[in-house]
Amino acid sequence: MSVEPHRLIVPKIHSGTVIDHIPAGKGLRVLSILKAEKIRGQRIALIMNVESRKLGKKDIVKIENVRLEEDETNLISLIAPTATINIIENYEVITKRKVQLPSRIKGLIKCPNPTCITNAPNEPVKTSFILISRDPIKLQCEYCKIIIGTEGMVLVGKL
Ligand code: CTP
Ligand code: ZN
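A quick note: this is a predicted structure, and the numbers were derived from the prediction, not measured.

Here is what the cut-offs are and how they apply
Residues numbered from 1 in each chain as written. Chains lettered and ligands numbered in written order. Predicted model: local features only at pLDDT ≥ 70, side-chain atom pairs only at ≥ 80, totals over all residues. Heavy atoms only, no water. Donors = N, O, S within 2.8 Å, 3.2 Å for Na, K, Ca; no water. Tetrahedral: all angles 85-135°; square planar, octahedral: opposite > 155°, others 65-115°. Helix = DSSP H or I, 4+ residues; strand = E, 2+ residues; numbered from the N terminus. Patch = residues over 30% accessible without salt bridge, like charges linked within 9 Å, V, L, I, M, F, W, Y side chains within 5 Å. Areas by Shrake-Rupley, 256 points an atom, 1.4 Å probe, with all protein chains shown as cover. Salt bridge = Lys/Arg side-chain N within 4 Å of Asp/Glu carboxyl O. Lys, Arg positive; Asp, Glu negative; His and termini not counted. Charge placed at Lys NZ, Arg CZ, Asp CG, Glu CD. Near = heavy atom within 4 Å. Polar contact = N/O pair within 3.5 Å; in protein donor to acceptor, adjacent residues only side chain to side chain. Nonpolar A, V, L, I, M, F, W, Y, C, P; charged D, E, K, R; others polar.

(A) Representation of the coordination of the zinc ion (ligand 2) in the model. Those protein atoms acting as donors to the zinc ion (ligand 2) are Cys111 (SG), Cys116 (SG), Cys141 (SG) and Cys144 (SG), and they sit at 2.3 to 2.4 Å. Coordination at the zinc ion (ligand 2) is tetrahedral: its four donor atoms span angles of 102 to 119° at the metal. The sequence pattern formed by the donor residues of the zinc ion (ligand 2) is C-x4-C-x24-C-x2-C. Of the two residues, cysteine 116 is situated in the loop between β6 (104-106) and β7 (128-134) and cysteine 141 in strand β8 (residues 137-141); the sequence distance between them amounts to 25 residues.

Here it is, written out as structure tokens:
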């Protein structure tokens, strides 16, 4: 018996959010930064290493019954800049958008500078980075002014 090469391994969903075109291997990290309260208890599928015309291989995350808004998905671009967000209603894709980095990122990225105020043990200041370049991505800490790229970036919070 032959196996169809493009058979769906996870069925289409009735409603919710599909995060598609995630580079292969990054799906778990994408899932891990989503706001826990928003997706708790929902049916979620993490699909890894499926064939993609654009990327060769890709990961997909499907979350049923949850509509993720732009501010809840844009930071996915730090991990998966090629990701697309599909909002599904009644089995139809009603919105499709690309993730896009916002000009300021608060409270998600750890500042690598040990003397930065955001790393002070008794002074819990939320980190804040300003986007100074999109390609390649470069971000500047608003407090200590250090400039970082995505290489070695440490994400501490959730979206
Ligand atoms: N999808 C789903 N449930 C639905 C509709 C779509 O899980 N009811 C998923 C599809 O499997 C796909 C993504 O949502 O992973 C986007 O669907 P669609 O726009 O139909 O696919 P493509 O045209 O291939 O998307 P793109 O042009 O973004 O590659
Ligand atoms: Zn800093």
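Once the structure has been displayed, the description carries forward.
(B) How the structure looks around a positive patch on the surface. A surface patch of like charges, here positive, comprises Arg53, Lys54, Lys96 and Lys98. In this structure, lysine 96 sits in strand β5 (residues 92-98).

(C) Structural detail: the site of ligand 1. In the vicinity of ligand 1, the contacting residues are Lys12, Ile13, Val18, Asp20, His21, Lys54, Lys62, Asn86, Ile88, Tyr91, Val93 and Lys96. With respect to ligand 1, the side chain of lysine 62 contributes an N or O atom lying 2.7 Å from an oxygen atom. Within the side chain of lysine 96, an N or O atom sits 2.6 Å from an oxygen atom of ligand 1. Summarising the interface, the protein chains cover 72% of the accessible area of ligand 1, which totals 600 Å² for the free molecule. Mapped by element, the contributors of at least two residues to the shell around ligand 1 are β1 (16-23), β4 (84-89) and β5. It is β1 that provides the largest number of residues to the shell around ligand 1, a total of three residues. Class assignment of the residues belonging to the shell around ligand 1 gives a composition of five nonpolar, two polar and five charged.

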